[in-house]
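Residue-level listing of the chains:
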Amino acid sequence: MNLVVLISGTGSNLQAVIDACKAGKISGRVAAVISNRADAYGLQRAQTVDIHTAVISHKDHPDRDQYDAALMAEIDRHQPDLIIMAGFMRILTPAFVNHYAGRMLNIHPSLLPKYQGLHTHQRALDAGDSEHGASVHFVTEELDGGPVILQAKVPVFADDTVEELAQRVHVQEHQIYPLVINWFCQQRLVMKEGKAWLDGECL
Ligand code: GRF
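Residues numbered from 1 in each chain as written. Predicted model: local features only at pLDDT ≥ 70, side-chain atom pairs only at ≥ 80, totals over all residues.

The name that an unreviewed UniProt entry assigns to the protein is Phosphoribosylglycinamide formyltransferase, with the source organism given as Tolumonas osonensis. Per UniProt, the protein has the following entry under Catalytic activity (unreviewed entry): "N(1)-(5-phospho-beta-D-ribosyl)glycinamide + (6R)-10-formyltetrahydrofolate = N(2)-formyl-N(1)-(5-phospho-beta-D-ribosyl)glycinamide + (6S)-5,6,7,8-tetrahydrofolate + H(+)". (UniProt positions renumbered as here; feature names shortened; annotations may be inferred.)

1. Some words on the nonpolar core
Membership of the largest hydrophobic core comes to 53 residues, with the highest contact counts inside it found for V5, V17, I84 and L105. In contact with V17, other than residues within four places in its own chain, are V5, I26, V30, I84, Y177, P178 and I181. (Core = buried A, V, L, I, M, F, W, Y, C linked by C-beta atoms within 7 Å. Buried ≥ 20, exposed ≤ 12 C-beta atoms within 10 Å, placed from the backbone. Contact = placed C-beta atoms within 7 Å.)

2. Focus on the site of the ligand
As a matter of local geometry, the ligand sits amid 13 residues, with T10, S12, N13, G87 and P109 nearest to it. Sorting the residues of the shell around the ligand by element identifies α1 (12-22) and β5 (104-108) as the ones contributing at least two each. A total of three residues in the shell around the ligand trace back to one element, the largest contributor, which is α1. For the shell around the ligand, the per-class residue count stands at five nonpolar, seven polar and one charged. (Near = placed C-beta within 6 Å. Helix = DSSP H or I, 4+ residues; strand = E, 2+ residues; numbered from the N terminus. Nonpolar A, V, L, I, M, F, W, Y, C, P; charged D, E, K, R; others polar.)

3. Considerations on the sheet that holds strand β7 (residues 148-155)
The seven strands lie next to each other as β3-β2-β1-β4-β5-β6-β7, forming an open sheet whose pairing is mixed. Each of the sheet's edge strands pairs with one partner strand only, and the pair in question is β3 (52-55) and β7. Adjacent strand axes in the sheet meet at a mean angle of 20°, parallel and antiparallel pairs treated alike. Bridge count for β5 against strand β6 (residues 131-138) is four bridges, and the pairing is antiparallel. Bridge pairing links H108 to S135 in β6. Sheet strands in contact with helix α3 (residues 64-76) are β1 (2-7), β2 (29-35), β3 and β4 (82-85), and its direction is about 160° off that of β2. (Pairing = 2+ DSSP bridges. Axes fitted to C-alpha atoms, helices over the stretch in contact; angles between N-to-C directions.)

4. Quick notes on the sheet that holds strand β9 (residues 195-198)
The strands that make up a sheet are held in pairs by hydrogen bonds between backbone atoms, and each pair lies either parallel or antiparallel. The three strands lie next to each other as β8-β9-β10, forming an open sheet whose pairing is antiparallel. The open sheet has two free edges, formed respectively by β8 (189-192) and β10 (201-202), since each of these has just one partner strand. Pairing of β8 with β9, which is carried by four bridges, proceeds in the antiparallel orientation. Paired with L189 across the bridge in β9 is L198.

Shown next as structure tokens:
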């Protein structure tokens, strides 16, 4: 399967996907990595292992519709079976989301439906939560609102900083994202009637 990964930053989840493909834990290949920021470190991670990279900057496009159209054109050049959002910090238009319906995944650093949007670790700390985590979900028009496929939980300790908590969540993200991506590549995972199904069972 051809995978196209969208990033905006560090790309540690991208690295986990690249490593899992190399280790045969994902039956697919990363065909391209696309960033909206030229300085995203994840681009270097891809270039190091000769994966095609592209930068499509939102600053070069007058509005969201035109940006998403340019992004779609670049993605579709690579004939992707699956689009993987890995820290891509852009809100997507309905046209974009619908174009990839059922074949676009995101990882979000919270136990959805808790804490959609930004600053999830700070919000979990502020709320005094005893557990936090990450969720992999299909992307739909609702921001961070598509059907959840898999979550990983971590404990929150009384003296945690945002950085410590984020780091604990990241470790789990790197486990669950490749796993879910491989389910999709093995054609065990689909989105149907707005829900996620694994091996014919509704999640
Ligand atoms: C992760 O925490 C992910 O959950 C969120 O963005 C972050 C990306 O981190 N969507 P990285 O760039 O993969 O290190």
